[in-house]
Amino acid sequence: LATLAFVALYSVALLILLPATPLLLAAGILFGLTLGTVYGFVANTVAGLLAFLCGRHVARSAIERRLGRDDRMEALDRALSGGGVRAAFLIRLSPIRLRHYLTASLATIPFVFLYVYYGVAIGELTLLGSGRGPERGAGYYALLVVGGLATLAVTILLTRRARRILDRHDGP
């Protein structure tokens with residue numbers, strides 16, 4: 001029941017443009033690293049799927065009417081429609097196919113993991129501060145720091161690569 005409530009709350013929050021970070025931190029605190037990452041990924045994918053379907057079937061014509069003949073949007077539309085899964089990994093927007101969009105959701109795992117990890121760390125630091133936390137050696141904390149830094153590094157590298165690829169598609 002807690003899992004379904006989390007997925008529903010997360011999906012609604014993202015649809016009304018609330019930030020995902022506090023919810024992913026909460027997933028880490030409430031569910032731990034493994035389950036928090038799984039639940040966060042599922043919730044993120046469901047929220048993305050709902051946003052995708054809304055954008056594709058409900059809001060697309062209204063947005064097209066509002067933007068009119070914007071050259072930048074037409075260029076983005078052309079760049080994304082030909083890129084399939086690769087384009088979807090870089091930017092999760094329509095007009096890509098639904099299956100490409102869902103496959104590209106795998107690209108969110110490092111980000112979900114990072115914030116869930118931070119939530120776990122916050123929860124454990126809170127327990128340690130209250131004196132109720134389990135005894136852990138220096139190796140545990142070293143692994144915690146190295147894991148966090150590795151996740152941050154992957155996040156930065158993926159962001160830079162995505163920017164370079166998008167810059168190549170940015171044209172007339």
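The structure we're discussing is the one just above.
These notes cover the structure that comes with them. Please read all numbers here as calculations on a predicted model, not as lab measurements. (Residues numbered from 1 in each chain as written. Predicted model: local features only at pLDDT ≥ 70, side-chain atom pairs only at ≥ 80, totals over all residues. Heavy atoms only, no water.)

Turning next to the overall build of the protein chain. Scanning the protein chain for helices and strands turns up 7 helices and 0 strands. Taken over 172 residues, the protein chain has a buried fraction of 30%. For the protein chain, contacts bridging at least 24 residues in sequence account for 70% of all contacts bridging at least 6. For the protein chain, the computed accessible surface area is about 10800 Å², with 68% contributed by carbon and sulfur atoms. (Helix = DSSP H or I, 4+ residues; strand = E, 2+ residues; numbered from the N terminus. Buried < 20%, exposed > 50% of the residue type's maximum accessible area, 1.4 Å probe, protein only. Contact = heavy atoms within 4.5 Å. Areas by Shrake-Rupley, 256 points an atom, 1.4 Å probe, with all protein chains shown as cover.)

What follows deals with helix H7 (residues 138-169). Residues lying three or four places apart along an α-helix face the same way, a consequence of the helix completing one turn every 3.6 residues. The terminal C-alpha atoms of H7, which comprises 32 residues, lie 47 Å apart, in line with the 46 Å expected from a rise of 1.5 Å per residue. Every buried residue of H7 is accounted for by Leu144, Gly148, Thr151, Thr155, Ala162 and Ile165. (Expected span 1.5 Å × (residues − 1).)

Further remarks concern helix H1 (residues 2-15). The end-to-end C-alpha distance of H1, which contains 14 residues, comes to 20 Å, matching closely the 20 Å that a straight helix rising 1.5 Å per residue would cover. Along H1, the residues classified as buried are Phe6, Val7, Tyr10, Ser11 and Ala13. Along the axis of H1, the buried positions cluster into a sector of 165°, meaning they face one direction only. What points out from H1, more than 90 degrees from its buried face, is the exposed set Leu4 and Leu9. Two residues or fewer past H1, leucine 17 is found with a positive phi of approximately 65°. (Arc of directions from axis to C-beta.)

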